[in-house]
Amino acid sequence: MHALLPTAIALLQAGEVVAFPTETVYGLGADASNPSAVSKIFELKGRPKNHPLIVHLADAELLQEWARDIPNSAWILAEEFWPGPLTLILKRSSRAIDAVTGGFDTVGLRVPAHPVALALLHGFGGGVAAPSANRFGAVSPTTAQHVRDEFGDALAAILDGGACEVGVESTIIDLSSGTPALLRPGGVTREELEETLRISIPLNQSGKVRSPGQLASHYAPKAEVILVSRAEAAEHELRLNREGKKVALLTEHAHDANSQAFARSLYAALREADARGVDVLLATLPNEHGLGLAIADRLKKAAAPRPS
Ligand code: TXA
Ligand code: MG
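Everything numeric in this text was worked out from a predicted model, so none of it was measured. (Residues numbered from 1 in each chain as written. Chains lettered and ligands numbered in written order. Predicted model: local features only at pLDDT ≥ 70, side-chain atom pairs only at ≥ 80, totals over all residues. Heavy atoms only, no water.)

1. Focus: the packing of helix H1 (residues 5-13) against helix H6 (residues 115-124)
No. 1: It is at 10 Å that the axes of H1 and H6 come closest, and there the two elements cross at 50 degrees. When the axes of H1 and H6 are compared, the pair comes out oblique. Read as a crossing pair, H1 and H6 show a hand that is right-handed. Contacts from Leu5, Ala8, Ile9, Leu12 and Gln13 in H1 reach Val116, Ala119, Leu120, Gly123 and Phe124 in H6. (Axes fitted to C-alpha atoms, helices over the stretch in contact; angles between N-to-C directions. Helix = DSSP H or I, 4+ residues; strand = E, 2+ residues; numbered from the N terminus. Parallel < 35°, antiparallel > 145°, perpendicular 65-115°, else oblique. Left-handed = near helix turned anticlockwise from the far one by under 90°. Contact = heavy atoms within 4.5 Å.)

Below is the structure:
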């Protein structure tokens, strides 16, 4: 058992915020049924209050306590992928308070696949609202040290569960209306979802922001991120070097052309570039199938124009 687990459970019960590992990224957790505990998450992150949080549950049976009108597809996906990197958006039950749902009539639910997260959830018993443990708009943390670097003493406890296995956030699928839509590509691939449900699942391209993770600029390091083709990378590097810029390359090639390894190391690489004082990160996009879809999504967001 993790030495800090009893402390972390007691802190959740007392309405405090604790950081904990999941298989995707580290989360900043609070009692999802306690509005003042939940509001502390928003203060710490500097996140707008209308951005909803995912409620983490110890097991799939708890779905029926937190959601209503649950479609069969939700049970099928829960059975297939939970515990795991998949978040289901469903119509909320009265348990899901406005502080968590941002006032939407839906709630995001997920059972994470990390032994420390599951021990915390089982020990606590209730739902744990948790966004990624980074400040709003910044890169998600995939180690306990990343969380310490960002929040230091502002957190009562940080459970260290090692480096995250998946490395990018959970896939978010909206099952709250008739047609399922992929709101955020992530650790469970679109192909896996389509195969399981035997339907094709569109990316939400309505232009309407249904999920703040869909904001253009997000997941951004301090370094400027420029997307280039592999063929152009060397030329760009030379030019930027001539301009006196410190440049780093981020391509799948450097990670054995293996999407899983690329995803696992992606956020650490973005943070490391900042730590080394890199001015410009030249990144190449992977093919957008399998985990490549989530990686490309995060790289595009890191490269998007930033609010000044
Ligand atoms: O892998 C993950 O999902 C991590 C770990 C900690 O579980 N959590 C995470 O949380 O990435 P966060 O808050 O950084 O991103 C959650 C995304 C946000 O974009 C939020 O808008 C969306 O989920 N979301 C949550 N509830 C929603 C809802 N009811 N409707 C639409 N989007 C929702
Ligand atoms: Mg986040």
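From this point, the narrative continues.
2. So, the sheet that holds strand E12 (residues 280-283)
No. 1: The strand order E10-E12-E11 describes an open sheet built from three strands, whose pairing is parallel. Because the sheet does not close on itself, it has two edges, and the strands there are strand E10 (224-227) and strand E11 (247-250). Each strand axis lies, on average, 25 degrees off the axis of its neighbour in the sheet, ignoring direction.
No. 2: Sheet analysis places E10 next to E12, joined by four bridges and oriented parallel. From the neighbouring strand, Leu227 faces E12, where its bridge partner is Ala283. (Pairing = 2+ DSSP bridges.)

3. As for helix H11 (residues 292-303)
No. 1: Between its first and last C-alpha, H11 extends 16 Å over twelve residues, near the 16 Å set by a 1.5 Å rise per residue.
No. 2: Most of H11 sits out of view: ten of its twelve residues are buried.
No. 3: Buried-residue contacts for H11 involve strand E9 (181-184), helix H8 (190-197), E10, E11, helix H10 (259-275) and E12. (Expected span 1.5 Å × (residues − 1). Buried < 20%, exposed > 50% of the residue type's maximum accessible area, 1.4 Å probe, protein only.)

4. Topic: the pattern of salt bridges
No. 1: Scanning all chains against the criterion turns up 17 salt bridges.
No. 2: With a shortest N-O distance of 2.8 Å, Asp98 and Arg92 are connected by a salt bridge.
No. 3: Its relative accessible area of 47% is what places Asp98 among the partly exposed residues.
No. 4: For Arg92, a relative accessible area of 15% gives the class buried. (Salt bridge = Lys/Arg side-chain N within 4 Å of Asp/Glu carboxyl O.)

5. Section: a negative patch on the surface
No. 1: A contiguous patch of negative charge on the surface is contributed by Glu79, Glu80, Glu191, Glu192 and Glu195.
No. 2: Put simply, the parts of the chain that give the negative patch at least two residues each are helix H4 (72-81) and H8.
No. 3: At three residues, H8 tops the list of elements feeding residues into the negative patch.
No. 4: Mapped onto the secondary structure, Glu191 falls in helix H8.
No. 5: A relative accessible area of 33% places Glu191 in the partly exposed class. (Patch = residues over 30% accessible without salt bridge, like charges linked within 9 Å, V, L, I, M, F, W, Y side chains within 5 Å. Areas by Shrake-Rupley, 256 points an atom, 1.4 Å probe, with all protein chains shown as cover. Lys, Arg positive; Asp, Glu negative; His and termini not counted. Charge placed at Lys NZ, Arg CZ, Asp CG, Glu CD.)

6. What about the domain arrangement of the chain?
No. 1: Taken domain by domain, the chain holds domain 1 (5-197) and domain 2 (224-303).
No. 2: Look at where the C-alpha atoms of domain 1 and domain 2 centre, and you get two points 27 Å apart.
No. 3: Counting residues at the interface gives 22 residues for domain 1 and 14 residues for domain 2.
No. 4: Both faces considered, domain 1 and domain 2 share a buried interface measuring about 1,400 Å² in area, 58% of it formed by carbon and sulfur atoms.
No. 5: Taken as a group, Val139, Val168 and Pro185 account for 35% of the area that domain 1 buries against domain 2, more than any other trio of residues on that side.
No. 6: Between the two partners, domain 1 and domain 2, sit two salt bridges.
No. 7: Salt-bridge contacts for Glu169 lead to Arg298; the nearest nitrogen and oxygen are separated by 3.0 Å.
No. 8: In this structure, the connection of domain 1 to domain 2 is made through eight residue pairs in polar contact (both at pLDDT 80 or more).
No. 9: A breakdown of the residues in the side of domain 1 that touches domain 2 according to their chemical character gives eight nonpolar, eight polar and six charged. (Domains from an automatic or database assignment. Buried area = accessible area lost by both parts, 1.4 Å probe. Polar contact = N/O pair within 3.5 Å; in protein donor to acceptor, adjacent residues only side chain to side chain. Nonpolar A, V, L, I, M, F, W, Y, C, P; charged D, E, K, R; others polar.)

7. Re the environment of Val228
No. 1: Locating Val228 in the fold gives a position in the loop between E10 and helix H9 (230-242).
No. 2: Judged by relative accessible area, which is 8%, Val228 ranks as buried.
No. 3: Taking the C-alpha atoms as reference points, Val228 and Leu285, 57 residues apart in sequence, are found 7.8 Å from one another.
No. 4: Apart from the residues lying within four places of it in its own chain, the contact partners of Val228 are Ala233, His236, Leu282, Ala283 and Thr284.

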